[in-house]
Amino acid sequence: MVVSHNDSVRLFRHSAPYINAHRGKTFVLMFGGEAVESENFANIIHDIALLNSLGVRLILVHGARPQIDQRIALRGVDKRFANNIRLTDKETLESVKDAAGSVRSQIEALLTMGLANSPMHGAQIRVCSGNLVVAMPMGVIDGIDYEHTGLVRRIDVSGVNGHLNDGAIVLLSPMGYSSTGEVFNLSHEDVATQAASALDADKLIIFSEQEGILDEEGKLRRTIDYSSLQDMLADDYQSEQKPILNAIATSLESGVSRCHCVSYQKDGALLQELFTRDGAGSLVSQRHYEQLRQASIDDVGGILKLINPLEQQGILVKRSREMLEREIECFTVIERDGTVVACAAFYPFVEHGSGELACVATHRDYRGKNRGGRLLDAIKADASQKGLDRIFVLTTVTAHWFQEQGFIQSSLDDLPDSKKQLYNFQRNSKVFTLTL
């Protein structure tokens, strides 16, 4: 696909709010050894370098399971697992150290590239790793000695922050060290979630073989709230995604506000997820990605931008900024990643037992997803709470939509007297009423 100059400029401009939002934030990126072996991994490294150039503080946590399996096979050592956890004896530990060290060196080498005419030319990235993860043994569980398989005891927060403050990328391997001088084999999920929690990370980003988190029909779930995540964890069909879902749940419970899951096989998935409104994978947060709430004075600019095209087409009555500022408490909005994508206003006429629904608008890129219905449901609840028994609306071109929502065509006589006096006969709007 050929991208025109105008498309490139538009894309760059639209990414500017995200560049500003992400600068100075701390992201933990988690990927398994399978991602490192992917043909697309070099592109992921280029995108990571770009994030670093844009001022994002990055902690990379890599796995090495397939690489460990390869080395165990070469040594002729038996693979041993209990409860899906690798049992790490002394011979297996040598394979772990060999594999983890090799993967770490590969990532460091890729982040050091700076050839002319390559995406990383002039990047000059510093990568720091070391004994930043303090570990402890899992011990003996149900009579099984896990030997050198361990758990994260703590993350050296001051050490990691020192490297991040110097502009370096911190690279953490699935190994930890104890005060007794021992080395332990860790799960990279444990390292990533503990790092995200200890460092108060703004995001945990997980690379998966799939596009993101899939539902039981194999379709991508773009946005998931915490309660839905718990339901997914309880379902058997999610067994293949359980490690990712558990890592996300642990991170959200520890205070990480947003977790993302993107494909390591799709070129540019990381950048698309972080710098476009709709993303490329799955976003899981403590609250719904689209927040329905009462508008505030800070939303005036967003509402004006949303309704201006409809005003120019004559669909909505023109509202000035001053009018919106006076009436902002009457508005309900749907916010998507900091952008107002839908709005509606409600003006109660308490003495008449009714209220007016007005200025219903949805951004053209977000129509067809029942956002208007969500707004209407919120306003119906508000009207009932105020003791009103009817909602009326005046419309010129959206009569069918309101009829689909249960509104019935009425006459001017059904309007409150004060509203009749303001009726614009030139617009000749039709009146519809919904009985609550």
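Rules behind the numbers
- For every chain, the first residue of the written sequence is number 1, and numbering continues from 1 along that sequence.
- The model is predicted, so local features are restricted to residues of pLDDT at least 70 and side-chain atom pairs to those at 80 or more, both for listing and for counting; the totals for chains, interfaces and linings are taken over all residues.
- Computation of side-chain values: all heavy atoms of the structure, hydrogens and water removed.
- Only runs of H or I of at least four residues qualify as helices and only runs of E of at least two qualify as strands under DSSP, and these elements are numbered from the N terminus.
- Relative accessibility under 20% of the residue-type maximum defines a buried residue, over 50% an exposed one, and the middle range a partly exposed one, all with a 1.4 Å probe and only protein chains included.
- To be clear on the numbers: accessible area is Shrake-Rupley with a 1.4 Å probe, and residue cover counts the displayed protein chains and nothing else.
- The positive count covers Lys and Arg only, the negative count covers Asp and Glu only, and His and the chain ends enter neither.
- Charge positions are represented by NZ for Lys, CZ for Arg, CG for Asp and CD for Glu.
- We define a salt bridge as a side-chain nitrogen of Lys or Arg found within 4 Å of a carboxyl oxygen belonging to Asp or Glu.
- The pLDDT value expresses, per residue, how confident the predictor is, ranging between 0 and 100.
- The aromatic pairing rule takes the rings of Phe, Tyr and Trp, using the six-membered ring of Trp, and pairs them if the centres are within 6.5 Å, calling planes under 30 degrees apart stacked, those over 60 edge-to-face and the rest tilted.
- Nonpolar side chains (Val, Leu, Ile, Met, Phe, Trp, Tyr) are joined into patches within 5 Å and like charges within 9 Å, using only residues with over 30% relative accessible area and no salt bridge.
- Two strands are said to pair when DSSP picks up at least two bridges between them.
- In this analysis, two residues are considered to be in contact whenever any of their non-hydrogen atoms come within 4.5 Å of each other.
- Lines fitted to the C-alpha atoms define the axes, with helices restricted to the stretch that makes contact. Angles between their N-to-C directions range from 0 to 180 degrees.
- To sort the angles, those under 35 degrees are grouped as roughly parallel, those over 145 as roughly antiparallel, those from 65 to 115 as roughly perpendicular, and the leftovers as oblique.
- In a left-handed crossing the near helix is turned counterclockwise from the far helix by less than a right angle, and in a right-handed crossing that turn is clockwise.
- Nonpolar cores are built from buried Ala, Val, Leu, Ile, Met, Phe, Trp, Tyr and Cys residues. Side-chain atoms within 4.5 Å join them into one set.
- By this rule, a helix spans an expected 1.5 Å times one less than how many residues it contains.

J.: Any chance you could explain the overall build of the protein chain here in plain terms?
T.: The number of helices and strands found in the protein chain is 15 helices and 23 strands. Structurally, the protein chain occupies a C-alpha span of about 90 × 55 × 40 Å along its principal axes. The buried share among the 436 residues of the protein chain stands at 47%. Carbon and sulfur atoms make up 47% of the accessible area of the protein chain, which totals about 21,900 Å². Once the 45 positive and 56 negative side-chain charges of the protein chain are each reduced to a mean point, those two points are 6 Å apart.

J.: Is there a simple way to think about the pattern of salt bridges in this case?
T.: Pairing is possible between side chains of opposite charge, provided their charged atoms come close. Scanning the model with the defined rule gives 15 salt bridges in all. Its salt-bridge partner being E356, residue K419 comes within 3.0 Å of it at the nearest N-O pair. Note that K419 is positioned in helix α15 (residues 417-421) and E356 in strand β20 (residues 354-362), a separation of 63 residues in sequence.

J.: What exactly am I supposed to notice about the confidence of the model for the protein chain here?
T.: The predicted coordinates of low-pLDDT regions are not to be read in fine detail. Looking at the protein chain as a whole, the pLDDT averages 90, with 95% of positions reaching at least 70. Within the protein chain, helix α1 (residues 5-22) has the poorest average pLDDT of any element, 81, and strand β1 (residues 26-31) the best, 98.

J.: Mind showing me how you'd approach the packing of aromatic side chains here?
T.: Summed over all chains, the structure comprises six aromatic pairs. Taken together, the ring pairs in this structure connect F31, F41 and F207 into an aromatic cluster.

J.: What is the right way to look at a negative patch on the surface in this model?
T.: Taken together, the side chains of E34, E37, E209 and E240 present a region of like negative charge at the surface. Considering the arrangement of structural elements, one finds E34 in helix α2 (residues 33-36).

J.: Looking at this model, I keep getting lost on the sheet that holds strand β18 (residues 331-336). Mind explaining?
T.: Sheets are built from strands that pair by backbone hydrogen bonding, the pairs being arranged parallel or antiparallel. Across the sheet, which stays open at both edges, the seven strands sit in the order β17-β18-β19-β20-β21-β23-β22 with mixed pairing between neighbours. Whereas interior strands pair on both sides, the edge strands pair on one side only; in this sheet they are β17 (290-294) and β22 (408-409). Looking at chain direction, β18 and strand β19 (residues 339-349) are connected through six bridges and run antiparallel. Bridge assignment links E335 to a residue of β19, and that residue is V340. Packing of helix α11 (residues 300-312) onto the sheet brings it into contact with β18, β19 and β20, and relative to β19 it is tilted by some 85°. Packed on one face of the sheet, helix α13 (residues 371-385) meets β17, β18, β19, β20, β21 (390-395) and β23 (430-435) and runs near 30° to β19.

J.: Can you walk me through unusual backbone geometry in this structure?
T.: It is generally the case that most residues other than glycine have a negative phi and that most peptide bonds are trans. Phi at D142 is positive, roughly 50°, even though this residue is not glycine. As for its position among the elements, D142 is in the loop between β7 (140-141) and β8 (144-145). Backbone geometry places E147, a non-glycine residue, at a positive phi of 50°.

J.: Sorry, what's going on with the packing of helix α3 (residues 41-53) against helix α5 (residues 90-112) here?
T.: Two quantities define a packed helix pair, namely the angle between the axes and the distance from one axis to the other. Relative orientation of the contacting elements α3 and α5 amounts to 60°, with a least axis distance of 9 Å. Classed by the angle they form, the pair α3 and α5 counts as oblique. Read as a crossing pair, α3 and α5 show a hand that is right-handed. Contacts between α3 and α5 involve F41, I45 and I48 from the former and I107, L110 and L111 from the latter.

J.: I would appreciate a short explanation of helix α4 (residues 65-75) in the present structure.
T.: Given 3.6 residues to a turn, an α-helix orients residues that are three or four positions apart in the same direction. By the burial criterion, the buried members of α4 are P66, Q67, I68, R71 and I72. Looking at the packing, one finds that the buried side of α4 touches α2, β4 (85-86) and α5.

J.: Mind showing me how you'd approach the nonpolar core here?
T.: Soluble globular proteins tend to bury their nonpolar side chains together. In this structure, L29, I48, L58, L60 and I107 are the most contacted members of the largest nonpolar core, which totals 42 residues. For this core, the leading source of residues is α5, giving eight residues. Setting aside its immediate chain neighbours within four residues, I48 contacts L29, L58, L60, L111, I169 and L270. In this structure, L164, V170, L233 and I244 belong to the second largest nonpolar core, which totals 38 residues.

J.: What's the story with the sheet that holds strand β13 (residues 203-208) in this structure? I'm lost.
T.: Spatially, the eight strands line up as an open sheet ordered β5-β10-β2-β1-β13-β15-β16-β14, and their pairing is mixed. Since the sheet does not close on itself, it has two edges, and those belong to β5 (127-128) and β14 (223-225), each with one partner. Sheet analysis places β14 next to strand β16 (residues 282-285), joined by three bridges and oriented parallel. Looking across to β16, one finds that D225 is bridged to S285. Sheet strands in contact with α3 are β1, β2 (57-62), β10 (169-172) and β13, and its direction is about 155° off that of β2. On the sheet, helix α7 (residues 188-198) packs against β1, β2, β10 and β13 and is oriented at approximately 175° with respect to β1.

J.: Help me understand helix α9 (residues 242-253), please; the structure alone is not making it clear to me.
T.: Compared with the 16 Å implied by 1.5 Å per residue over twelve residues, the 16 Å span of α9 between its first and last C-alpha is a close match. Among the residues of α9, those classed as buried are I244, L245, A247, I248, A249, S251 and L252. Residues of α9 that are buried in the fold lie against α7, β13, α8 (226-233), β15 (258-263) and β16.

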